Amino acid sequence: MEQFLKVTEVIDWTHPAVSSRARELSESITGPHEVAKRCFEWVRDSIQHSSDFQRDPVTCSASEVLACGTGYCYAKSHLLAALLRANRIPAGFCYQRLSIDDTGARYSLHGLNAVHLPEFGWYRVDSRGNKAGVNAQFMPPVEQLAFQVNFPEERNFPEILADPLSVVVTALRTYSTWDALYKNLPDWKLPSLPSSTAARPDRVSSGETGQ
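Residues numbered from 1 in each chain as written. Predicted model: local features only at pLDDT ≥ 70, side-chain atom pairs only at ≥ 80, totals over all residues. Heavy atoms only, no water.

**Here we look at the overall build of the protein chain**
Counted only if it meets this: Only DSSP runs of H or I with at least four residues qualify as helices, and only runs of E with at least two residues qualify as strands; both kinds are numbered from the N terminus onward. As defined in this context, the radius of gyration uses C-alpha atoms, and a globule is described by 2.2 Å times the residue total to the power 0.38. Categorising residues by exposure relies on relative accessible area from a 1.4 Å probe, with only protein chains included: less than 20% of the type maximum marks a residue as buried, more than 50% marks it as exposed, and the intermediate range marks it as partly exposed. Should any heavy atoms of two residues lie within 4.5 Å, those residues are counted as being in contact. The method behind every accessible area is Shrake-Rupley, applied with a 1.4 Å probe, and residues are considered shielded solely by the protein chains displayed. When charges are counted, Lys and Arg are positive and Asp and Glu negative, with His and the chain ends excluded. Lys charges are placed at NZ, Arg charges at CZ, Asp charges at CG and Glu charges at CD.
Regarding its fold elements, the protein chain presents 7 helices and 10 strands. Its C-alpha atoms give the protein chain a radius of gyration of 16 Å, within 12% of the compact-globule value 17 Å for 211 residues. Taken along its principal axes, the extent of the C-alpha atoms in the protein chain is 45 × 35 × 35 Å. For the protein chain, the residues scored as buried account for 52% of the 211 residues in total. Put simply, 66% of the contacts in the protein chain that link residues at least 6 apart link residues at least 24 apart. Split by element, the accessible area of the protein chain, about 9100 Å² in all, is 50% carbon and sulfur. Distance between charge centres in the protein chain, computed from 21 positive and 24 negative side chains, equals 2 Å.

Written as structure tokens, this is what we have:
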């Protein structure tokens, strides 16, 4: 489980601003369930999704997302993982492959998180930000993600990764404006993800799962 608590260049939870925010979010509450819920809701609601709000710059590391107040789904998942890990709550990365405009091709990866809760095991959450038609919530043991898989080419990848996918990090580091990245969103067509540090989810619910 230690691999899901580590600090990296992207998940830089020891950065003073990130660790300070993590402490603030855990003030006056105890237990990983409530801390995880507060962190999730804060990232979901307080960090603006880059394409929803058409905001630059494109951010990647947790500290960049926090400083700029914006990020694509991938970047928001990096910040959420950092806040959770700073509070000693194991957090990993999950991905879906989805239609970009919900009509079929083009497809891209969508990034979200899994948090390990003592009562439930791994539990997926999506902090990309709610809007009309998107209502992601934290209410274990039921998953309520932002998007469902509707087309044969779409996928819910089952792996929970300790590190973000390199194809995602490369895309975030390559493009500097939200619209440039939107035209070049990362994709992954194979049935499994390329990682030797993946956990298999002990899925907690078959409710509103986003599958």
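Alright, that's what it looks like, and here's the rest.
**Remarks on the pairing of strand S3 (residues 91-99)**
By the criterion of burial, S3 is predominantly enclosed, with 9 of the 9 residues buried. Alternating positions in S3 separate into two faces, Ala91, Phe93, Tyr95, Arg97 and Ser99 on one and Gly92, Cys94, Gln96 and Leu98 on the other, with burial throughout.

**Quick notes on the pattern of salt bridges**
Here is the rule: One speaks of a salt bridge when a side-chain nitrogen belonging to Lys or Arg is within 4 Å of a carboxyl oxygen belonging to Asp or Glu.
The final tally for this structure, using the stated rule, is 10 salt bridges. Here arginine 128 ties to aspartate 52 by a salt bridge, and the two come within 2.7 Å at their closest N and O atoms. Remark: aspartate 52 occurs in helix H3 (residues 50-53) and arginine 128 occurs in the loop between strand S5 (121-125) and strand S6 (137-139); sequence separation between them is 76 residues. Between lysine 131 and aspartate 52 there is a salt bridge, with its nearest N and O atoms 3.3 Å apart. Taken together, the residues span a long stretch of sequence, with lysine 131 in the loop between S5 and S6 and aspartate 52 in helix H3 at a distance of 79 residues. Lysine 131 gets classed as partly exposed once you look at its relative accessible area, which sits at 42%.

**Some remarks on helix H5 (residues 73-86)**
Rule in force here: What a helix is expected to span follows from its residue count: subtract one and scale by 1.5 Å.
With 14 residues, H5 should reach 20 Å at 1.5 Å per residue; the first-to-last C-alpha distance of 20 Å fits that figure. In terms of burial, H5 is a largely internal element, 13 of the 14 residues being buried. One or two residues past the end of H5 sits arginine 88, with phi positive at roughly 60°.

**Side note on helix H1 (residues 16-26)**
An α-helix turns once every 3.6 residues. As a result, residues three or four positions apart point the same way. To be explicit about the condition: This arc is built from the directions going out from the helix axis to the C-beta atoms.
Within H1 the residues assigned to the buried category are Val18, Ser19, Ala22, Leu25 and Ser26. The buried residues of H1 occupy one face: seen down the axis, they fall within an arc of 125°. Turned more than 90 degrees off the buried face of H1, the exposed positions are Pro16 and Arg23. Turning to H1, the residues buried within the fold contact helix H2 (32-46), helix H4 (62-68) and H5. One or two positions beyond H1, positive phi appears at serine 28, with a value near 70°.

**Focus: the confidence of the model for the protein chain**
Going by this rule: A residue's pLDDT is the predictor's confidence in that residue, given on a scale from 0 to 100.
On average, residues of the protein chain score 93 in pLDDT, and 92% of them reach the 70 mark or higher. Counted against residues more than four places away or in other chains, residues 203-211, with its pLDDT under 50, gives 31 contacts.

**Some points on the packing of aromatic side chains**
For any two aromatic rings, the description comes down to two numbers: the centre-to-centre distance and the angle of the planes. Our working rule: Two aromatic rings from Phe, Tyr or Trp, using only the six-membered ring of Trp, form a pair when their centres are within 6.5 Å; if the ring planes differ by under 30 degrees the pair is stacked, by over 60 it is edge-to-face, and anything between is tilted.
Enumeration according to the criterion identifies 3 aromatic pairs in this entry. Between phenylalanine 4 and tryptophan 122, the aromatic rings sit 4.9 Å apart at their centres with planes inclined by 65°, giving edge-to-face as the arrangement. Residue phenylalanine 4 is found in the segment before H1, and its partner tryptophan 122 is found in strand S5; the two are separated by 118 residues along the sequence. Centre to centre, the rings of phenylalanine 40 and phenylalanine 138 are 6.1 Å apart; their planes meet at 35°, and the pair counts as tilted. Of the two residues, phenylalanine 40 is situated in helix H2 and phenylalanine 138 in strand S6; the sequence distance between them amounts to 98 residues. Members of the aromatic cluster, joined through ring pairs, are Phe40, Tyr123 and Phe138.

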